[in-house]
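The lines below spell out each chain.
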Amino acid sequence: MKYAVAVLVLLLMGGLYRVRASTGIVLVDSDDPEDGKVEEELENTKDKKFDISKVFLPTQDWQAVQPDQTLLPGLHVRMNLETGVKEAKLMDGDDGSKYYQYLRNLEHTGHTGVYKASVPSPVVSQSEEDEHTEEWATQSHPEIMREDILEALKNIKSDEGKTPENHDAKKKFRSYKELEKEFDELNMVIETDIDIMKRLLSQYHKAKQDSEKVIVLEDLEYLVHQYDSAVELVHFGVINSIVKPAINDSNPSIRKGALHLIGSAMQSNPIVQIAALEADMLSYILRILALDAEINVRSRAVFALSCLVRGFPYGQQLLVKSGGLDVLKKTFDVADWKSHSLQLKVITLLRDLMTELSDAEGEKARQLENIHLGQELVNMGWCPLIPNLLASASFDKRDRRYDLGAAIKKEFPLRPDHDMVEKVVEAMVTLRGVCGSSFHEAVPLLQKLAYMYDDLAYKEKVQMDDDDDDGVFQGISSKTSDLLKTLVTHKTEL
């Protein structure tokens, strides 16, 4: 039905090539998709023989069309805006064979050979014809044709036997139950996020292979990024029925998936954070951090812990009271370079908690101040650990021979970890008010880093070729210089 309407519109709009007062409306159609372009009026009447020499002869290049020349269908026509001259050429990929066939047909038969349908006007006298011609010249032809097309469309019936005027527009809008009924007839099922979660929970409990459980945990983690879906996770009792048993599973992939799931659910979601604390999830996470042998699982535990305590003063209070800072500190007991990423996550968490404390206002500020997080970090000896991590990230003592040996043994990256340097410097900037005296030992290293990043920032700015200050090395250089200036000033005052 829709295709019939579209074809009619194309025939009426695209096929109308000329309108004459004496002969009526002439429609020209063609099977060529490019023949929908407007054809120039052909002066082909009974009393006047068509001049074949006036037909435009196209090529692959643009040519100017003279005012007395006639264009046959199938050309690419444009108006040159610089000269105001109409130009035409063959369509791209067209060798011109069809166009010149039209020309041969026109020469032998008087028309191009495409279908013509004419609606002649009634026979009138000369005076009536003159009057009719004058009246036609003053009318708006497109408006007349538009009315004709609209009238024709009104009379076209829909598939239900109704015209557009009496067709009920409300049929376009259907309720959920109506759609569900139609999908049931098509053997299709509509599932909400809650339905999907219920199905996944059932699949997890029925799974016989660990690989199936891992997939279900990943799918659930994707769903709980939605706030309401994460809350439903609590209502379904997933923390006790799935997460806690999975954290104790012997398969590290399942432990990792469970920590990722509960961490994503707790992120910026107080309802889930409270439910997790009530379910004693803090002790489960800290036990993984202290005892798990898999570095990737411990890294997920730091993620889950961060989601539990960020923006949640009560969670931070329990973290300090339960000895969580001491458990986190033990991650620095390993000097293996593979542990650097885990240690960096821990430092980033402490930096975020200190930043949250400095930015807090009102009741939240009062609750966070009562935790005394900064003083706890100083008392537990956290401050010297951060410059040590900076030294590991910058590989300051490495020479060329060591660099080559490290490459062969695959012990360290070949270049300083710029991302790690930046994050450690940011942590030192945040904690300098608390750990200022402990950071003084890092001044020589910071001076070397400042010199190196100043050079890299200069080269980066030259390559960027603009005044943009958002370059990676420019940012690290600025932060390093600011930290160094603060530490030197503080040491001088002392």
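Before any of the text, the structure's been laid out above.
Reading the values: rules and limits
- Residues numbered from 1 in each chain as written.
- Predicted model: local features only at pLDDT ≥ 70, side-chain atom pairs only at ≥ 80, totals over all residues.
- Heavy atoms only, no water.
- Helix = DSSP H or I, 4+ residues; strand = E, 2+ residues; numbered from the N terminus.
- Disulfide = S-S within 2.5 Å.
- Buried < 20%, exposed > 50% of the residue type's maximum accessible area, 1.4 Å probe, protein only.
- Pairing = 2+ DSSP bridges.
- Salt bridge = Lys/Arg side-chain N within 4 Å of Asp/Glu carboxyl O.

**A closer look at unusual backbone geometry**
In most cases, non-glycine residues show a negative phi, while peptide bonds are predominantly trans.
Okay, step 1: Positive phi values are uncommon outside glycine, yet Ser268 reaches one of about 55 degrees.
Okay, step 2: Tracing the sequence through the fold places Ser268 in the loop between helix H10 (252-266) and helix H11 (270-278).
Okay, step 3: In this structure, His372 is a non-glycine residue whose phi angle is positive, near 60 degrees.
Okay, step 4: Mapped onto the elements, His372 comes out in the loop between helix H17 (362-369) and helix H18 (373-379).

**As for the state of the cysteines**
Okay, step 1: Within this structure, the stated rule accounts for one disulfide.
Okay, step 2: Each sulfur of the disulfide joining Cys383 and Cys435 lies 1.9 Å from the other. Between Cys383 and Cys435, the S-S dihedral sits near -60 degrees, and the bridge is therefore left-handed. Of the two residues, Cys383 is situated in the loop between H18 and helix H19 (385-394) and Cys435 in helix H21 (residues 418-439); the sequence distance between them amounts to 52 residues. In terms of burial, Cys383 and Cys435 fall into one category: buried.

**Points about the pairing of strand S5 (residues 86-90)**
Okay, step 1: Within S5, four of the five residues are buried, leaving the element largely enclosed by the surrounding structure.
Okay, step 2: Where strand S3 (residues 63-64) and S5 come together, two bridges link them in antiparallel fashion. Its bridge partner being in S5, Ala64 is matched across the sheet by Glu87.
Okay, step 3: Bridge count between strand S4 (residues 75-79) and S5: five bridges; the pairing is antiparallel. Bridged to Arg78 within S5 is Glu87.
Okay, step 4: Connecting S4 to the next strand, S5, in antiparallel fashion are six residues, including Gly84 with a positive phi near 75 degrees.

**Brief notes about the pattern of salt bridges**
Okay, step 1: The final tally for this structure, using the stated rule, is 13 salt bridges.
Okay, step 2: A salt bridge links Asp352 to Arg310; the shortest N-O distance between them is 2.4 Å. You can see Asp352 sitting in helix H16 (residues 340-359) and its partner Arg310 sitting in the loop between helix H13 (295-309) and helix H14 (313-321), a full 42 residues away along the chain.
Okay, step 3: Look at Asp352 and you get partly exposed, because its relative accessible area is 21%.
Okay, step 4: Residue Asp419 is joined to Lys423 by a salt bridge in which the shortest nitrogen-to-oxygen separation is 3.5 Å. Within this pair, Asp419 and its partner Lys423 are both found in helix H21, separated by four residues, close to a single helical turn.
Okay, step 5: Look at Asp419 and you get partly exposed, because its relative accessible area is 40%.

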